[in-house]
Amino acid sequence: MLSTPNPSTVILDFPLSTHSPRPKSSKPIFTTRKTLISCKKSKSALEEKKKVVFVDYDNGEHQVSTHVSGLRKSDIPKRYRLRVTADTFQKDWSVSEVVESILKLSQWDDVEGLLNHWVGRFSRKNFPLLIREITQMGSLEHSVQVFRWMKNQKNFCARNDIYTMMIRLHARHNRVDQARGLFFEMQKWRCKPDAEPYNALINALGRAGQWRWAMNIMDDMLRAAIPPSRSTYNNLINACASASHGMHKEALSVFNEIKKNSFCPDVVSSYTSLLNAYGKSQQPKKAMEVFVLMRQNHCKPNLVTYNALIDAYGSNGLLTEAVEILHKMEQNGVQPNIVSICTLLAACGHCGQKVKIKSVLSAAELRGIKLNTAAYNSAIGSYLSLGEYEKALSLYRAMRTKKVKPDPVTYNVLISGCCKMSKYGEALAFPDEMMDLKIPLSKEVYSSVICAYSKQGQVTEEESMFTKMRMAGCHPDVITYTAMIHVYDVAENWEKASALFLEMEADDVQPDSIACLSLLRAFSKVGQPAKVLDLAEFMREKKIPFNNSSFFEMVSACSLLFYKIVASGAEINFHTYSVLLNNLLAAGNSRKYIEVLQWMEEAGLQPSVQMYRSLSYFAQTRGEVEYAAVIQERLVIPEEKFPEPKSNKKAE
């Protein structure tokens with residue numbers, strides 16, 4: 001039955017019998033029946049929404065929320081309705097009431113027990129509404145628990161919209177691996193993804209800068225015969241822009257693909273994404289060319305475009321040009337927001353303009369822009385990068401006075417900034433303030449505090465903080481592991497350092513050259529040359545780059561091993577000397593190289609001409625003139641004793 005906005009009445013006239021004789025009257029007379037068709041506008045229970053307004057007159061705050069009902073007890077199938085009628089523990093809650101009850105619970109509370117008392121669980125149509133409402137609240141832990149419970153229900157059916165919302169939620173929390181896992185999980189449930197899950201995953205990969213993965217997902221999308229949209233291409237451009245150095249060539253290639261696929265790149269987001277890619281690639285002039293092209297194509301830049309252009313100049317140390325763009329956007333009727341201020345504050349730190357930081361803060365106040373936590377974090381970080389600890393601390397106190405609540409990023413900036421200025425005592429006072437304010441320590445804060453303890457050599461406190469970090473569910477990164485290995489190196493406790501290195505590998509954390517160097521030193525200090533060489537072989541297999549310090553530790557280990565061979569009375573052959581000389585030359589120790597050559601002569605082994613030539617070439621490239629004459633004298637003797645064979649080739 002068709003629905004119309006207002007009830008309508010339709011009159012149908014038809015004869016009672018088409019076979020009855022026609023009356024003798026001049027005018028035909030028909031006996032009619034009137035039928036009234038009333039079309040009422042029925043609103044589904046799933047679409048029922050109600051605005052809820054909360055006003056707090058004491059604090060001057062108000063909140064407007066939407067109350068979603070969902071299917072209730074009267075809407076579920078009769079067999080389930082009879083089942084829950086006699087059970088007093090079954091609650092006929094709306095979807096919004098369920099979400100509010102879940103958010104009041106802690107992560108370790110019985111979320112599934114609460115959901116099992118909800119009558120609406122017997123209707124699978126409530127599941128997308130429940131996921132939508134709880135993901136909009138942004139609580140990742142609660143959403144994951146609800147989704148896990150939902151998949152265990154007999155009436156659950158995998159849907160694209162449910163998985164898309166979960167992928168987007170994980171992307172907001174930078175949980176890219178989990179978002180990727182959800183994408184492949186939905187296919188195991190035989191739920192064929194459409195364009196929305198693909199776009200959500202590409203967006204998640206773009207946030208993390210994994211542009212190669214994003215390109216691969218795009219290829220899978222094309223192989224699945226799913227046509228990409230303009231949003232897909234924009235997400236790809238953002239993925240290229242979010243790479244470590246900004247993949248501007250790849251971003252331009254994707255931008256050109258938009259034209260090839262009959263999409264007009266006349267929307268602001270396409271140009272803004274390409275502009276941002278050039279900015280991240282440290283090419284602000286190219287970003288300005290995109291901005292000019294955008295205006296030539298009658299595409300009006302918005303606030304996001306101007307902020308991206310300000311960041312392109314500010315992040316490359318061009319603060320004056322960034323400020324000019326800010327004035328230009330105001331002249332064009334686009335008012336700056338807090339993101340514009342944060343971008344300029346970060347640019348002040350890059351440019352080393354501590355006077356400009358105060359000017360930017362004053363400009364924000366004059367324009368009525370209220371500083372938030374992110375703005376204070378940018379200003380505090382800029383002051384600390386310039387070595388202005390007192391000004392950074394004063395700004396932090398002003399932040400607390402104005403009742404702007406700091407977050408873990410604030411304290412990470414303060415702690416890491418103090419450590420760079422060797423103010424370790426001041427850095428270790430901030431975690432206590434976090435505990436007083438009931439702000440949970442993030443992985444970055446734990447890592448910074450462990451580094452501070454490491455610099456002071458406080459092994460017990462560092463181990464305690466490392467244990468707390470693991471118990472809090474924060475996985476240590478390579479910086480944290482390196483700090484722990486370093487403190488064990490200082491304490492000459494190579495057993496714990498080695499065990500921690502193995503634990504690091506078991507946790508799938510790729511060690512870097514600094515972590516390996518700390519362990520090399522720990523082995524070298526206690527006279528473990530075999531372990532040094534084993535670790536060097538591990539570095540070679542994992543393609544971890546060697547530096548001068550690594551070579552020095554290896555040479556020290558080889559020398560120690562050589563002395564042990566000499567002390568044992570074992571015979572040393574030519575190959576052993578050759579390995580030792582190669583390591584000494586790689587470490588740049590030419591003096592020790594000459595000394596080992598003398599040991600060979602005393603042992604009755606004549607060094608080869610190539611050994612002397614390698615040393616001669618090394619001395620010439622390093623400019624060690626004092627060794628050049630000695631090397632030249634020693635080079636003549638072996639050549640006279642062992643002349644090089646003449647070539648058998650005939651002169652042409």
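Residues numbered from 1 in each chain as written. Predicted model: local features only at pLDDT ≥ 70, side-chain atom pairs only at ≥ 80, totals over all residues. Heavy atoms only, no water.

1. Describing the environment of Asp477
Looking at the secondary structure, you find Asp477 in the loop between helix H24 (459-471) and helix H25 (478-490). Given a relative accessible area of 24%, Asp477 falls into the partly exposed group. Spatially, the C-alpha atom of Asp477 lies 8.9 Å from that of Gln510, the residues being 33 residues apart in sequence. Contact partners of Asp477, with chain neighbours within four places excluded, come to Ser447 and Val509. A distance of 2.6 Å separates a polar atom in the side chain of Asp477 from a polar atom in the side chain of Thr480. (Helix = DSSP H or I, 4+ residues; strand = E, 2+ residues; numbered from the N terminus. Buried < 20%, exposed > 50% of the residue type's maximum accessible area, 1.4 Å probe, protein only. Contact = heavy atoms within 4.5 Å. Polar contact = N/O pair within 3.5 Å; in protein donor to acceptor, adjacent residues only side chain to side chain.)

2. With respect to the state of the cysteines
Cysteine pairs can be covalently joined through their sulfur atoms, and such a bond is termed a disulfide. With the rule as written, the count across this model stands at zero disulfides. With no disulfide partner, Cys418 has as its closest neighbouring cysteine sulfur the one in Cys419, 7.0 Å distant. You can call Cys418 buried: its relative accessible area is 0%. (Disulfide = S-S within 2.5 Å.)

3. Focus: the nonpolar core
Note that soluble globular proteins tend to have their nonpolar side chains buried in a common cluster. Within the largest apolar cluster, 148 residues are counted, with the highest numbers of intra-cluster contacts made by Leu130, Val146 and Met150. The greatest single-element share of this core, amounting to seven residues, is contributed by helix H16 (residues 338-351). Aside from chain neighbours lying at most four places away, what touches Val146 is Ile102, Val111, Leu115, Leu130, Ile131 and Ile134. (Core = buried A, V, L, I, M, F, W, Y, C linked by side-chain atoms within 4.5 Å.)

4. Observations concerning the pattern of salt bridges
Summed over the entire model, instances satisfying the criterion amount to 13 salt bridges. Here Glu433 makes a salt bridge to Arg397, at a shortest N to O gap of 3.6 Å. Of this pair, Glu433 sits in helix H22 (residues 430-436) while Arg397 sits in helix H19 (residues 389-401), and the two are 36 residues apart along the sequence. On the basis of relative accessible area, Arg397 is assigned to the partly exposed category, the value being 38%. What emerges from the salt-bridge pattern is a single network uniting Arg397, Arg400 and Glu433. (Salt bridge = Lys/Arg side-chain N within 4 Å of Asp/Glu carboxyl O.)

5. Focus on the packing of helix H12 (residues 268-280) against helix H13 (residues 284-296)
Contact geometry for H12 and H13: axes closest at 7 Å, N-to-C directions at 165 degrees. If you check the angle between H12 and H13, you find them roughly antiparallel. Relative to H13, the crossing made by H12 is right-handed. Side by side, H12 and H13 meet where Val268, Tyr271, Thr272, Leu274, Leu275, Tyr278 and Gly279 of the first sit next to Pro284, Lys286, Ala287, Val290, Phe291, Leu293 and Met294 of the second. Considering only residue class, the contact of H12 with H13 consists of eleven nonpolar, two polar and one charged. (Axes fitted to C-alpha atoms, helices over the stretch in contact; angles between N-to-C directions. Parallel < 35°, antiparallel > 145°, perpendicular 65-115°, else oblique. Left-handed = near helix turned anticlockwise from the far one by under 90°. Nonpolar A, V, L, I, M, F, W, Y, C, P; charged D, E, K, R; others polar.)

6. A short note on the layout of surface pockets
Here the largest pocket defines a volume of roughly 1200 Å³. The wall of the largest pocket is formed by 25 residues, among which Arg175, Ser442, Lys443, Gly473 and Cys474 lie closest to the centre. If you list the elements that add at least two residues to the lining of the largest pocket, you get helix H5 (140-151), helix H7 (176-188), helix H20 (408-420) and helix H23 (443-456). Among the residues making up the lining of the largest pocket, the classes are represented as eleven nonpolar, seven polar and seven charged. (1 Å grid on protein atoms, 1.4 Å probe; cavity = no way out; pocket = protein on both sides within 12 Å on 5 of 7 lines; lining within 4 Å. Points joined across faces, edges and corners; volume = space filled by probe spheres on them.)

7. Regarding the confidence of the model for the chain
In this model, the chain carries a mean pLDDT of 78, and residues with pLDDT of at least 70 account for 77%. When the criterion is pLDDT under 50, residues 1-43 qualifies, and its contacts beyond four places in sequence or with other chains add up to 25 contacts. Low pLDDT, under 50, characterises residues 641-652; the stretch is placed with four contacts to residues that sit more than four places away or in other chains. (pLDDT = per-residue confidence, 0-100.)

8. Here's the deal with unusual backbone geometry
Most peptide bonds take the trans form, and the phi angle of most residues other than glycine is negative. The phi angle at His298 is positive, at roughly 60 degrees, despite the residue not being glycine. Here His298 shows up in the loop between H13 and helix H14 (303-314). Even without a glycine there, the phi angle at Lys438 is positive, about 60 degrees.

9. What about the packing of helix H4 (residues 126-136) against helix H6 (residues 160-172)?
One can describe the packing of H4 onto H6 by two numbers: an axis separation of 9 Å at closest approach and a directional angle of 15 degrees. Judged by the inter-axis angle, H4 sits roughly parallel to H6. With respect to the hand of their crossing, H4 and H6 are arranged in left-handed fashion. Between H4 and H6, the residues in contact are Phe127, Pro128, Ile131, Arg132, Thr135 and Gln136 and Asp161, Ile162, Met165, Met166, Leu169 and Arg172, respectively. Classifying every residue of the contact of H4 with H6 gives seven nonpolar, two polar and three charged.

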